[in-house]
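Take a look at the letters that make up each chain.
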Amino acid sequence: MSAPDAPLLEVAGVSKQFPGVRALDDVSFTLRAGEVHALVGENGAGKSTLIKVLTGVYQPDGGDLRHLGQPVTFNGPLDAQAAGISTIYQEVNLVPLMSVARNLFLGREPRNRLGLVDVSRMNREAAEILAGYGITSDVRRPLGLMALGAQQMVALARAVMVDARVVVMDEPTSSLEPREVETLFGVIARLHERGVGIIYVSHRLDELYRICDRVTVLRDGKLVHTGLIKDLDRLQLVSHMLGRPMSEVRKEGFTSFGGEHAAADSKPVLRVADLNSRHKLTGVSFEVLPGEVVGLGGLLGAGRSETIKAVAGALPLDRGTVEIDGTVVRRPNPVAALKAGIAVQPEDRKAEGLALGLSIRENIALAVLPRLSTAGIVSERKIDKIVETFMTRLRVKASGPHQRVGDLSGGNQQKVLLARLLATGPKVLLLDEPTRGIDVGAKAEVQALIDELAAEGLGVVLVSSDAEELIEGSDRVVVLRDGAVAGMLRGEEVTTEHLMNVIATAAS
Amino acid sequence: MTLVAEPQLEKAEAASLRTERIVELVQRQGALAVLGIVLVVGLVAYDNFRSFDNAATILVSAAPAALIALGMTFVIITGGIDLSVGSLYVLGGVLAAWASQYGVAAAFAVPLAACGVFGLVQGLVIAYARLAPFIVTLAGLLGARGLMLALSDEGGTTYLVDPGAFKDFGKGELLGIKYSVYLVVVLFVIGMVALYRTRFGQSVYALGGSEDAARLMGVRIRGTQIKVYVLSGLLAGLAGTINAARLGSGVTVLGTGMELDAIAAVVVGGTLLTGGAGTLGGTIAGVLLLQVIQNLINQDGKITSAWQTVISGAFIALVVVAQTYLARLRRVASG
Amino acid sequence: MTTAVSSSSSFNSATVRRLLPLYGVYVALAALVLFNIVYTDNFLAWNNLRIQLVQVTPVVIVALGMALVIGTEGIDLSVGSVMALGAALIPLYLGYGMVPAIVLALVGGVIVGLINGGLVAFVGLQPIVATLAMLVAGRGVALVVSNGKYKDIRDKDFLAIGTDAFLGVPYTVWIAAVLAVVVGFVVRRTVFGRRLLAIGDNRAAAQLAGVPVKRVLVGVYMIAAVLAAVAGVIQVSRIGSADASRIGLLIELSAITAVVVGGTPLTGGKVRVLGTVAGAFLMQLLTATMIANNLKDSTAQMVQAVIILVAVYTARERRTR
């Protein structure tokens, strides 16, 4: 039945639901032989979910998966691998403590007549194969000792070794040096000639335009656009990724942000100067006035979350200073930052924000326990008071302050986290994706709250992948690219068009 | 971004490569080096230490511990731990002594079967219920000891080994060295082949190095887990068996703390308790080192045997702390 | 009011799954007590109850510290050795009086606790590894301190701790009760307790919320070790001799069992003090019941093994990864 010109891999109307999130909503995607197909979208757009469906890690709730024209079901990654689908994950998924050669051959080691692993042949072949990828170091060394780029190459070599017909690359260049990127593109060109289909996930527009034939854009779990990449200019591509489709804007109206609020002549409450962290940030500087919301714009991987972490003292810095009200925060660490008046809402509220097993009450009080206690003994009365104040103010919907945070909806979890930040009486709020993964109603409330807090004189740094939210919420926008400041939008320039222009043209 | 001039870069690379080599050497051969030093000290300082008989004694008394440590090495490389081996060792001894009345084959087969099944059950629970290995084997420790007590009238009965082939095995010597030592050597050689030269060995390392990566690379996680716990159970049972053959009885009061000695030997031998790296050569060196220290303490007579525990405890602490820092150093060196 | 849906009538398996780790230990304990009242002669006799109480005391005290450590997602295997160390230190300084001797024993605990905590918090070792080293070395030090000898204690004041009673209840039991109340208070009402739970639930979040994670961890391991030393002192005063090679042997197993059976999950973030005490009683009573009903020690151990596994299995969090 399999037609010779059938697509290598095809999904039609695939959906995937997770508790509280619809990660994929009726998405279709086709990969033809010998094409490099870019898959793009911001965080939470559904790219990784789609990849995991294609590689058998997840089973879709609905929709069809066809391989060479035949309907298939992958019950696990092994099924997909058997079907010739190999994946290179963003984080290198190899075993760092094992040697390079053993990693390359794990599970398919060459064996001698006794059925034992033929180590010398394995090492010899590994060296030969890797030479083709520009790797000449000793294959007997542990993989973990190689540079990340080289590890990525080993992962690629491993993926391609098994007569792969489809190779999925999830941000393969994020840890590569320019020279290694060239090697990678060389390998991709070779695969291309062999008729291998490649799904290429990246946020680097230059790369996409250089090597990809076709592009599919996802946003909020939905398919936004699919077509030849040469028919789409950069601005159009960026607006597909960040902008809302016009129909949706009309339906929902604007976000709940109000107007501007910065008092122009006041002194900055936060001054960040020359933040440098190897491979992550290069010379990031900006200021925030009291009552001002400064947005950090840029694509995923541009250094937005890293900047937030650096200001909060949670990312080791090679160089750079953080000043609050003109006083430098010494020995930056989370405790010192908190004392100085910096409150941070991390991007991943479940992993780094909340203690999900504890109650709302415990979570709100956690950062201010010393203030709510005498001689180390906490005052339940004081805690009740502060918890009640903030639960009312943020309109946290729960059965009571003793409810487990893990049982709340995403929106209410976020409110609890914000309550904890506000309870510390901060001067500066760092908000990393404050409205991700929460429903529309809670989103509006959180946006209104950010506005209100700025109006009260707090300095706010806002990170959002939602361009509308970023533009309407911010008084100024600092645009980041590759860990450095690429531009700044102020006043009249704070528009979605300008933002996309800066992102699309700041390409080096 | 500061740019480093090329020659400087090369120099820095060469230096970091050198640090890396040294670190690796210390990590791999540390136990062997210390063993060498201790041996030299022993040879110089104690006359009685310098005899063939003493060397043979050290080897024979190290044999059961070596077998347990052999299985433990596999378990620890997968990132697990087996606390039940001390109890299985005693259980194996009691069963061997009891079964020796039915011949030498039974004396080996019965304890091996029982301890192997015990390891299998633990492995199944760890692999399928996904409970922490330490808690499962902790329960195994109690369970196996209970079983042993039940079989020996609450420890009141000591089965004597029947005179015959099994007892002869315990007493037998070749070139002045007991058979059990040869058995241990053979098993270690087989173990090395299995660990370094088979796909099973590769999956043991992969599982301990990164379970998620191993799964994505197609390693059968559950199968590997079950196999190592069966192996560990079998070897603990065998250790008990050869000890029963040597002593001529299934002693019920031994074995507490055996699991700790085995873990100590494995860790001192350079195997990472976090899994993913380790060598059987290191384990041999670790076992012998602890045994030689014990022997020297006995030779000396002035310091009590209590020091041996202090020393092995301090050794574990020292080795794991050193490993943690060495691993950091390596990461820094390789940038 | 979003979760008040599950009415009392829908008593399904999910509810059981949720409630079993929380209240299972009390139900089991009540059932066991009832069984004993009916089938065991003289169970309710004060003499018998007193024996049970006295015997369970060291396990309760050690388990209290273990519960705190497990609350931080850690484990402390060294408690038995610390008991032995505390016990071994007593006869050395009893000549200077009871108080200096006890203080010294507790200082021994503090030192081991500092080492454990330092290895876990600052060096970054896994708790099981760090405390394993102290399990081996601690008993060695105890043996060295006591010269490997079994020592009889003749100091009357000191022995009184173990033998005398207040209101008919032995001092040692009072001590355990007071310590349980104190630990319960620490967990529920102090900054330290709240921080400990937050660290156990989500260490990264606690760090970002400004919790001094390392300091709290060191504190937790220190408390666990001091409690173990107290248990060692009590044990010596009760049996009237210090035998470093036997005291506290395998008590880490009983303590972990008591904590786990009492409904404290090994994954941290929760500490059930009352549950831990009940867990210790349950295991004690189980053994006593089996012996009283002519079941052997061997059976008791095998039953104990099964109970540990069942408790851990039911308390295990549903992992979603």
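### Here's the deal with the interface of chain C and chain B
Part 1 of the argument: With 37 residues of chain C at the contact, the number on the chain B side is 36 residues.
Part 2 of the argument: For the side of chain C that touches chain B, the residue count by class is 23 nonpolar, 10 polar and four charged.

### Remarks on the sheet that holds strand E22 (residues 484-490) of chain A
Residue and element names in this part refer to chain A.
Part 1 of the argument: The strand order E16-E19-E20-E13-E21-E22 describes an open sheet built from six strands, whose pairing is mixed. The open sheet has two edge strands with one neighbour each: strand E16 (342-345) and E22. Taking the axes of each pair of neighbouring strands and ignoring which way they run, one obtains an average angle of 20° across the sheet.
Part 2 of the argument: Of the strands in this sheet, strand E13 (293-297), strand E21 (476-481) and E22 are in contact with helix H18 (residues 496-505), which crosses E22 at around 160°.

### Regarding the interface of chain C and chain A
Part 1 of the argument: Between chain C and chain A, the residue contacts involve 25 residues of the former and 27 residues of the latter.
Part 2 of the argument: Put simply, the parts of the chain that give the side of chain C that touches chain A at least two residues each are helix H8 (191-201) and helix H9 (203-208) of chain C.
Part 3 of the argument: If one sorts the elements of the side of chain C that touches chain A by residue count, H8(C) sits on top with seven residues.
Part 4 of the argument: Here the side of chain C that touches chain A is composed, by residue class, of 13 nonpolar, seven polar and five charged.

### Points about the sheet that holds strand E7 (residues 166-170) of chain A
All names here are of chain A.
Part 1 of the argument: Across the sheet, which stays open at both edges, the six strands sit in the order E6-E7-E8-E3-E9-E10 with mixed pairing between neighbours. Of all strands in the sheet, those with a lone pairing partner are strand E6 (85-88) and strand E10 (222-228), marking the two edges. Going from strand to strand, the sheet's axes swing by 15° on average, the running direction of each strand aside.
Part 2 of the argument: Sheet topology places strand E3 (residues 36-40) next to strand E8 (residues 197-201); four bridges connect them, and they run parallel. For Leu-39, the partnering residue across the bridge sits in E8 and is Val-201.
Part 3 of the argument: Docked against the sheet, helix H1 (residues 47-54) engages E3, E6, E7, E8 and strand E9 (214-219), running at close to 155° with respect to E7.
Part 4 of the argument: Contacts between helix H5 (residues 148-161) and the sheet are confined to E6 and E7, with E6 contributing the most and set at about 175° to the helix.

### Concerning the nonpolar core
Part 1 of the argument: Counting residues in each nonpolar core, the largest one holds 367 residues, and the members touching the most others are B:Ile68 and C:Val62.
Part 2 of the argument: If you tally residues by element for this core, the top one is helix H10 (residues 213-239) of chain C, at 18 residues.
Part 3 of the argument: The contacts of C:Val62, once residues within four sequence positions are left out, are C:Val79, C:Met83, C:Leu227, C:Ala228, C:Ala231, C:Ile251 and C:Ala255.

### Comments concerning the environment of C:Leu253
Part 1 of the argument: The topology assignment puts C:Leu253 in helix H11 (residues 251-261).
Part 2 of the argument: Using a count of 22 C-beta atoms within 10 Å as the deciding quantity, one classes C:Leu253 as buried.
Part 3 of the argument: Counting along the chain gives 45 residues from C:Leu253 to C:Ser298, while the straight-line C-alpha distance between them is 16 Å.
Part 4 of the argument: The contact partners of C:Leu253, leaving out residues within four places of it in the chain, are B:Leu138 and B:Leu142.

### Some remarks on the pairing of E13(A)
Residues and elements named next belong to chain A.
Part 1 of the argument: Burial analysis of E13 places five of its five residues in the buried class, the great majority of the element.
Part 2 of the argument: By the alternation rule, side chains of E13 split into Val-293, Gly-295 and Gly-297 and Val-294 and Leu-296, which are all buried.
Part 3 of the argument: Inspection of the sheet shows E13 paired to strand E20 (residues 459-463) by four bridges, in the parallel sense. By the bridge assignment, Val-294 is partnered in E20 with Val-461.

### A word on the pairing of strand E12 (residues 281-288) of chain A
All names here are of chain A.
Part 1 of the argument: As judged from the five bridges shared by strand E11 (residues 270-277) and E12, these two strands associate in the antiparallel manner. By the bridge assignment, Leu-275 is partnered in E12 with Val-284.
Part 2 of the argument: In textbook terms, the turn of a hairpin is the stretch between consecutive antiparallel strands, and for E11 and E12 this stretch comprises three residues, one of which, His-279, has a positive phi near 65°.

### Thoughts on the packing of helix H3 (residues 85-99) of chain B against helix H4 (residues 104-129) of chain B
All names here are of chain B.
Part 1 of the argument: Where H3 meets H4, the axes come as close as 7 Å, and the angle between the chain directions of the two elements is 150°. Viewed along their axes, H3 and H4 adopt a mutual orientation that is roughly antiparallel. In the packing of H3 onto H4, the handedness of the crossing is right-handed. Residues Leu-88, Leu-91, Gly-92, Leu-95, Ala-96 and Ala-99 of H3 form the contact with H4, whose participating residues are Ala-106, Ala-107, Val-110, Pro-111, Ala-114, Cys-115 and Phe-118.
Part 2 of the argument: Across the contact of H3 with H4, the residue classes tally to 12 nonpolar, one polar and no charged.

Calculation criteria
Residues numbered from 1 in each chain as written. Chains lettered and ligands numbered in written order. Predicted model: local features only at pLDDT ≥ 70, side-chain atom pairs only at ≥ 80, totals over all residues. Contact = placed C-beta atoms within 7 Å. Nonpolar A, V, L, I, M, F, W, Y, C, P; charged D, E, K, R; others polar. Pairing = 2+ DSSP bridges. Helix = DSSP H or I, 4+ residues; strand = E, 2+ residues; numbered from the N terminus. Axes fitted to C-alpha atoms, helices over the stretch in contact; angles between N-to-C directions. Core = buried A, V, L, I, M, F, W, Y, C linked by C-beta atoms within 7 Å. Buried ≥ 20, exposed ≤ 12 C-beta atoms within 10 Å, placed from the backbone. Parallel < 35°, antiparallel > 145°, perpendicular 65-115°, else oblique. Left-handed = near helix turned anticlockwise from the far one by under 90°.

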